[in-house]
Every structure is written in structure tokens, then in C-alpha cells.
Amino acid sequence: MTRHFLRDDDLTPEEQAQVLDLAVQIRDDRWGRKPLAGPQTVAVIFDKSSTRTRVSFAVGIADLGGSPLIISTANSQLGGKETPSDTARVLERLVSAIVWRTYAQSGLEEMASGTTVPVVNALSDDFHPCQLLADLLTIRDALGTLAGRTVTFLGDGASNMAQSYLLAGALAGMNVRVASPDDFAPDARVVADADAIAARTGGSVELCTDPFGAAAGADVVVTDTWVSMGKEEEKARRIAAMASYKVTPELMALAKPSAIFLHCLPADRGYEVDPEVIDGPQSAVWNQAENRLHAQKALLVWLLEKNAA
């Protein structure tokens with residue numbers, strides 16, 4: 001059966017650790033692995049605008065000996081005349097993998113069900129699993145270990161980043177706290193999945209509405225934009241609801257002295273985070289951005305090897 005990466009828990013805890021270990025090896029020997037030599041082509045499809053995802057996948061595929069084929073759905077039949085499953089059945093005859101940055105998780109699931117090449121979720125409305133691999137790699141770099149660490153996500157708990165933190169953090173045996181207004185809580189089904197994973201890995205999941213209590217004693221403090229793509233019409237309501245969840249120097253001081261700050265970018269300085277935090281000594285956002293390259297290369301190598309076995 002073809003292995004895909006559509007949400008964080010498509011990997012087991014052991015497999016997640018394997019991918020992170022591989023990312024370190026690939027970072028240390030950037031051009032040492034060439035599974036896409038030929039060059040083989042990887043389709044990288046964008047429904048949404050992108051900087052880090054576009055560049056990191058394009059560069060990573062080239063590093064692995066392949067050729068990235070960047071496709072905008074605005075200039076293709078996908079989502080218009082053609083279904084995701086039909087598109088996948090065509091692409092599998094031409095490319096070695098499909099990477100898709102889109103809106104609905106259901107579209108990714110349909111695409112994966114219709115193809116024999118790996119499909120990778122480069123972002124959906126529900127999850128951002130490639131970003132979480134980069135985040136976990138960054139946390140491991142800074143703190144040495146993942147299991148038992150406390151990570152606090154502040155802001156929109158229903159966002160793809162918060163929901164991926166619940167799943168990926170639980171897989172890594174971390175204690176995941178999500179602090180958000182009641183109206184922006186994570187999907188109950190995702191929370192239940194994360195709880196079940198944490199019960200096996202020794203991690204934990206906690207939802208709350210108190211940003212200061214959630215930040216107290218944390219090893220990692222994370223936030224993301226309050227106004228994700230497609231939510232622009234809700235901007236005023238979101239800013240008003242989440243104003244107390246801004247990561248300020250005062251809030252960051254409640255975390256451990258060794259704590260790091262993460263943000264997947266782009267950041268709205270002065271809204272979800274103060275400039276003094278994102279540009280301060282505890283910020284690891286630039287390492288985090290670079291680690292998208294290494295983590296995604298490792299994921300592609302791992303998927304290609306698994307599917308060839």
C-alpha cells in the first residue's frame with residue numbers, strides 16, 4: 001500500500017523519529033542523497049500563495065537530484081474540470097511524487113486514494129504536517145530532546161498549526177498545551193486523536209483559555225497568524241478575540257529561561273507577537289524556516305524508500 005503524508009499521525013512515533021534523524025543526516029551531508037536522480041520529477045501544486053513552502057520544496061527536490069514541477073491550480077484543470085483523483089491518475093504516470101498546498105483536507109484524501117505515488121500535504125485548512133517536522137527538528141536542535149517537553153500554542157486553536165501541534169507533539173511524547181478563545185478551539189476529533197496518541201507515548205494534551213497559565217514553565221512557545229488565508233473577512237473579529245494571546249516579552253518571561261519561541265511565518269508583528277520576541281534572543285524562527293528544507297527532504301527520501309520496498 002502506498003504511503004502518503006496527509007496529516008501528522010500518518011507516521012507512527014517511531015517513524016516520526018526516523019524522519020527527524022534522517023533530516024539531521026541530510027542536513028550534515030546536503031547533497032549526499034539522490035533518490036530523484038534522473039532527474040525524476042515531483043509535482044508541487046499550489047492553490048495558495050507561498051514563500052517558504054515553494055522555495056524549500058523546489059530547492060529540496062533539486063538537492064535530491066530531481067526536477068520540481070511547480071503548478072498553479074489557477075492554470076490547470078485541477079479543481080475546475082478535473083477531480084483530484086483523476087488528476088492523480090494522470091500525474092502518477094509522469095511524476096515520482098505529488099506535493100499539494102490546498103484548502104480542503106478532503107481534496108488531499110481524494111488525491112491520495114487515486115494514485116500509487118506518495119502525496120504530501122504541504123498545507124491544508126486542517127493540518128500543516130511538513131511545518132511540524134521542521135518545528136520538531138528545531139526544538140530538538142535547541143533543547144536536545146522532545147519527549148517530556150512542554151510546548152504551548154497560543155492563539156487560533158482551530159488553525160492548521162495548532163491541530164498539527166496536537167498530533168505531532170503527542171507522537172513525540174510532548175506535553176501540548178493549546179490556549180485559545182472558546183470560539184477558536186481545536187476540532188474535538190483531532191483532540192481525541194491526539195489524546196489517544198499521548199496515552200501511548202507518555203505525552204499529554206491540554207486545552208485552556210488562559211494564555212499566561214499556558215505559557216508558565218513552557219519549554220517552547222508557539223504562535224501563528226490570527227488571520228489565515230481565506231479568513232480575511234473575519235480579521236476584525238479575530239483580532240479582538242485574540243488580543244490577550246499576543247506573545248509579549250512579559251508572557252515569554254513566564255516560560256522557562258531556556259525556552260524558545262517559534263512562528264511558522266509570515267508574522268504580523270504587533271499582532272500575534274511583539275517584535276521584541278520574534279527578533280529577540282529566544283527566537284528560533286530563522287532556524288525553523290531553514291529546517292523546512294531539511295525535514296521535507298528527509299520526508300521525501302523516507303516516503304520514496306518506503307514505497308519502493
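Small disclaimer: the values here were computed from a predicted structure and weren't measured. (Residues numbered from 1 in each chain as written. Predicted model: local features only at pLDDT ≥ 70, side-chain atom pairs only at ≥ 80, totals over all residues. Heavy atoms only, no water.)

1. Thoughts on the overall build of the chain
So, point 1. For the chain, the helix and strand inventory stands at 12 helices and 9 strands.
So, point 2. A globule of 309 residues ought to have a C-alpha radius of gyration of about 19 Å, and the chain, at 19 Å, matches this closely.
So, point 3. Across its three principal directions, the C-alpha atoms of the chain cover 55 × 40 × 35 Å.
So, point 4. Counting every position in the chain, which comprises 309 residues, the buried fraction comes to 55%.
So, point 5. Restricting the contact set of the chain to residue pairs at least 6 apart, pairs at least 24 apart contribute 76%.
So, point 6. For the chain, the exposed area adds up to about 12,400 Å²; of that, 51% sits on carbon and sulfur atoms.
So, point 7. Of the charged side chains in the chain, 28 are positive and 40 negative; the average position of the first set lies 5 Å away from that of the second. (Helix = DSSP H or I, 4+ residues; strand = E, 2+ residues; numbered from the N terminus. Rg over C-alpha atoms; globule rule 2.2 N^0.38 Å. Buried < 20%, exposed > 50% of the residue type's maximum accessible area, 1.4 Å probe, protein only. Contact = heavy atoms within 4.5 Å. Areas by Shrake-Rupley, 256 points an atom, 1.4 Å probe, with all protein chains shown as cover. Lys, Arg positive; Asp, Glu negative; His and termini not counted. Charge placed at Lys NZ, Arg CZ, Asp CG, Glu CD.)

2. Brief notes about the packing of aromatic side chains
The relation between two aromatic rings is expressed through the spacing of the ring centres and the mutual angle of the planes.
So, point 1. One pass over the full model with this rule turns up 1 aromatic pair.
So, point 2. When the centroid spacing of 6.4 Å and the interplanar angle of 40 degrees are considered together, the rings of Phe153 and Tyr165 count as tilted. Linking Phe153 in strand β5 (residues 150-154) with Tyr165 in helix α6 (residues 160-171), this pair joins segments that are 12 residues apart in sequence. Neither residue differs from the other here; Phe153 and Tyr165 are each classed as buried.
So, point 3. One residue, Arg54, lies across the ring of Phe46, its end atom 4.3 Å from the ring centre. (Phe/Tyr/Trp six-rings, centres within 6.5 Å; stacked < 30°, edge-to-face > 60°. Lys NZ or Arg CZ within 6 Å of the ring centre and 35° of its normal.)

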